[in-house]
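Architecture and fold: a report
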Amino acid sequence: MRDILVVKCGGNAAVRSQAICADVAAVHRGGRPVILAHGGSADIDGLAERLGVPSRRLVAPDGVSTRYTDERTLEVVQLALAGSAKPRLLAELRACGVDAVGLTGLDAGLLVAARKSAHRAVVDGRRVVVRDDHSGRITAVNGDLVSTLLASGLLPVVSPPAVAEDGRVVNTDADRAAAAVAGAVGADTLLLLTGARGVLADRHDERSVLPVCRVPRRGTPPVVTGGMGIKLVAAREALLSGVRRVLIADGRRPRPVQEALAGSCTEVLLEEE
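Since the model is a prediction, treat every value here as computed from it, not as a measurement. (Residues numbered from 1 in each chain as written. Predicted model: local features only at pLDDT ≥ 70, side-chain atom pairs only at ≥ 80, totals over all residues. Heavy atoms only, no water.)

Looking now at the UniProt feature "domain: Aspartate/glutamate/uridylate kinase" (unreviewed entry) in the protein. Those residues carrying the UniProt feature "domain: Aspartate/glutamate/uridylate kinase" (unreviewed entry) are residues 4-250 in this numbering. Across residues 4-250 one finds 33% helix and 28% strand; the C-alpha atoms that close the span lie 20 Å apart. (UniProt positions renumbered as here; feature names shortened; annotations may be inferred. Helix = DSSP H or I, 4+ residues; strand = E, 2+ residues; numbered from the N terminus.)

Among the residues of helix 5 (residues 174-184), those classed as buried are A174, D175, A177, A178, A179, V181 and A182. With a side-chain oxygen positioned 3.0 Å from the backbone nitrogen of D175, the residue opening helix 5 is D173. (Buried < 20%, exposed > 50% of the residue type's maximum accessible area, 1.4 Å probe, protein only. Polar contact = N/O pair within 3.5 Å; in protein donor to acceptor, adjacent residues only side chain to side chain.)

Read from one edge of the open sheet, eight strands run 5-10-2-1-13-15-16-14, paired in mixed fashion. Each of the sheet's edge strands pairs with one partner strand only, and the pair in question is strand 5 (100-104) and strand 14 (212-215). Each neighbouring strand pair of the sheet contributes to a mean axis angle of 25 degrees, computed without reference to strand direction. By the bridge criterion, four bridges tie strand 14 to strand 16 (residues 266-270) in an arrangement that is parallel. Paired with C213 across the strands is V268, a residue of strand 16. Together, strand 1 (5-9), strand 2 (34-38), strand 10 (155-159) and strand 13 (189-194) form the strand contacts of helix 1 (residues 17-29), whose direction differs from that of strand 2 by roughly 160 degrees. (Pairing = 2+ DSSP bridges. Axes fitted to C-alpha atoms, helices over the stretch in contact; angles between N-to-C directions. Contact = heavy atoms within 4.5 Å.)

For helix 2 (residues 41-51), every residue scored as buried is listed here: D43, I44, L47 and A48. Within helix 2, the buried residues cover an arc of 125 degrees as seen down the axis, which keeps them to one side. Away from its buried face, by an angle of more than 90 degrees, helix 2 presents the exposed residues E49 and R50. For helix 2, the elements touching its buried residues are strand 4 (65-67) and helix 3 (71-95). Note on helix 2: the residue one or two positions beyond its end, G52, has a positive phi of about 75 degrees. (Arc of directions from axis to C-beta.)

The structure is reproduced here in structure tokens:
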């Protein structure tokens with residue numbers, strides 16, 4: 001199966017999920033295989049606040065920020081993604097006449113991750129080691145499952161969490177999950193839709209969007225502020241796994257997928273060795 005498009009719908013509250021689903025549905029109806037991946041940061045934060053669970057971030061020494069996931073937060077993540085974000089996306093796709101199937105990384109071992117025993121983070125200017133974070137790095141994807149759904153004419157909608165090698169649930173970053181799925185199915189294009197016009201040279205100036213952003217094959221991405229660091233890490237992982245093209249674009253636009261594919265985006269490239 002060729003020319004697969006993986007679209008990651010960002011969890012930022014400003015991202016227009018309904019418009020993304022309408023565009024994804026149009027791509028699907030046009031005959032191009034498409035996978036919709038998603039996170040749900042706004043859903044997670046909102047549910048955590050209602051349940052009285054503090055939301056925290058871990059900032060690595062290189063400046064890349066990820067969600068801190070203790071036991072209570074892991075429960076919130078599962079409830080918010082599988083119980084709120086995913087059903088909403090499935091309903092929006094159904095309203096567009098598309099048969100979609102919702103999957104988390106736990107379904108048939110879709111996402112397998114190595115549990116992180118410790119995280120290095122910077123807290124109040126000090127480097128610390130965090131050992132109670134229930135997250136992991138994806139090591140395997142059941143690409144056959146996703147490919148079978150695509151071959152059956154269905155639209156997979158995928159998200160974290162993942163299953164660890166010990167069989168327990170772990171959180172994993174949704175952008176990196178999308179990248180791993182794209183690599184596993186041999187996708188042509190990975191499109192990461194977010195609450196910004198693309199990668200910005202100046203995070204405070206929306207006009208400073210970069211048409212191209214080159215990332216090193218290892219080490220710190222060139223931009224880490226505004227949550228962009230982890231997206232560039234995911235983009236790098238997708239490119240290294242064989243995905244031909246990775247785009248980061250504005251999920252707030254009226255036609256977010258079509259406009260991104262037409263060039264309103266930042267294309268991520270690997271630096272030459």
